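Observations on the three-dimensional arrangement
Read off the chains here:
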Amino acid sequence: MITRTVSKNPRTTRGDLVNDLQRAGTKVTKATIGNTLRRQGLKSCSARRVPLLKPVHVQAHLKFAREHLDDAEEDWENVIWSDETRIELFARALKLKRGWVLQHDNDPKHTARATKEWLRKKHFKVLEWPSQSPDLNPIENLWRELKVRVAQRQPQNITALEEICMEEWAKIPAT
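Residues numbered from 1 in each chain as written. Predicted model: local features only at pLDDT ≥ 70, side-chain atom pairs only at ≥ 80, totals over all residues. Heavy atoms only, no water.

1. Looking at the packing of aromatic side chains
Counting across every chain of the model gives three aromatic pairs. Pairing Phe64 with Trp129 gives two aromatic rings, centres 4.8 Å apart and planes at 70°, and the pair type is edge-to-face. One end of the pair, Phe64, is in helix H4 (residues 55-68); the other, Trp129, is in the loop between strand S3 (125-126) and helix H8 (138-153), and 65 residues separate them in sequence. According to the relative accessible area criterion, Trp129 is buried, its value standing at 9%. With a centroid separation of 5.6 Å and an interplanar angle of 35°, the aromatic rings of Trp143 and Trp169 are classed as tilted. Placement of Trp143 in helix H8 and of Trp169 in helix H9 (residues 158-171) is noted, with a sequence separation of 26 residues between them. What makes Trp143 partly exposed here is its relative accessible area of 21%. (Phe/Tyr/Trp six-rings, centres within 6.5 Å; stacked < 30°, edge-to-face > 60°. Helix = DSSP H or I, 4+ residues; strand = E, 2+ residues; numbered from the N terminus. Buried < 20%, exposed > 50% of the residue type's maximum accessible area, 1.4 Å probe, protein only.)

2. Remarks on the sheet that holds S3
The strand order S1-S2-S3 describes an open sheet built from three strands, whose pairing is parallel. Of all the strands in the sheet, just strand S1 (79-81) and S3 have a single pairing partner and so form its edges. Pairing analysis gives two bridges linking strand S2 (residues 101-103) to S3, with the strands arranged parallel. Note that in S3 the partner of Val101 across the bridge is Lys125. (Pairing = 2+ DSSP bridges.)

3. Re the packing of helix H2 (residues 14-23) against helix H3 (residues 30-39)
Running from N to C, H2 and H3 point in directions that differ by 105°, and their axes come no closer than 9 Å. Taken together, the axes of H2 and H3 lie roughly perpendicular to each other. Across the interface between the two elements, Arg14, Gly15, Leu17, Val18 and Leu21 from H2 touch Lys30, Ile33, Gly34 and Leu37 from H3. The residue makeup of the contact of H2 with H3, split by class, is five nonpolar, two polar and two charged. (Axes fitted to C-alpha atoms, helices over the stretch in contact; angles between N-to-C directions. Parallel < 35°, antiparallel > 145°, perpendicular 65-115°, else oblique. Contact = heavy atoms within 4.5 Å. Nonpolar A, V, L, I, M, F, W, Y, C, P; charged D, E, K, R; others polar.)

4. Some thoughts on H8
Given 3.6 residues per turn, any residue in an α-helix points the same way as the ones three and four places further on. In this model H8 runs 24 Å from its N-terminal to its C-terminal C-alpha over 16 residues, within 8% of the 22 Å that 1.5 Å per residue would give. Looking only at H8, the buried set comprises Ile139, Leu146, Arg149 and Val150. For H8, the arc enclosing every buried residue in end-on projection is 95°, short of the 170-degree limit, so these residues lie on one face. Of the exposed residues in H8, the ones pointing more than 90 degrees away from its buried face are Asn141, Arg144, Lys147, Ala151 and Gln152. Turning to H8, the residues buried within the fold contact S1 and H9. With its phi angle positive at about 50°, Gln154 sits one or two positions after the end of H8. (Expected span 1.5 Å × (residues − 1). Arc of directions from axis to C-beta.)

5. A word on a nonpolar patch on the surface
A cluster of nonpolar residues, Leu53, Val58 and Leu62, forms a patch on the protein surface that exposes about 200 Å² of accessible area. Along the chain, Val58 falls in helix H4. (Patch = residues over 30% accessible without salt bridge, like charges linked within 9 Å, V, L, I, M, F, W, Y side chains within 5 Å. Areas by Shrake-Rupley, 256 points an atom, 1.4 Å probe, with all protein chains shown as cover. Salt bridge = Lys/Arg side-chain N within 4 Å of Asp/Glu carboxyl O.)

Without other data, these values stay purely geometric and don't point to any function.
Structure (structure tokens):
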């Protein structure tokens, strides 16, 4: 019954299966369900968490997209795409010159008064960016691509992990 149910509806959760079996008079745990599915060659996975987009976020996304719809490719060449705190190391490696534009995700640490003041003193232009919008940030896709490539190579220690990360990053096409 377990395999048949999951085959018909792959989005069935282990909790759903436990409840269905309890209604049928069989008591099992989620762990038992997971073990049974694995023995049958099926694997379970969790849905990817995505940010909750409120109507105001959707409107901000649309506004941003409309404002930048006709931007030339060259306009984006001087944008530094950030993801959390990695920007500091990235910025040092680039030896930033005037004219660069910083993109950040509006996390409170990026919008704090001290951060804004530091960016202003360093003469950073900051790209206006809608909050709750990791889907708009191309660096998110690069991180995912890198993680998939690294996982496929299965590094066994931190040294191998670092080497593989560098090798796989270099293999990702620039365009």
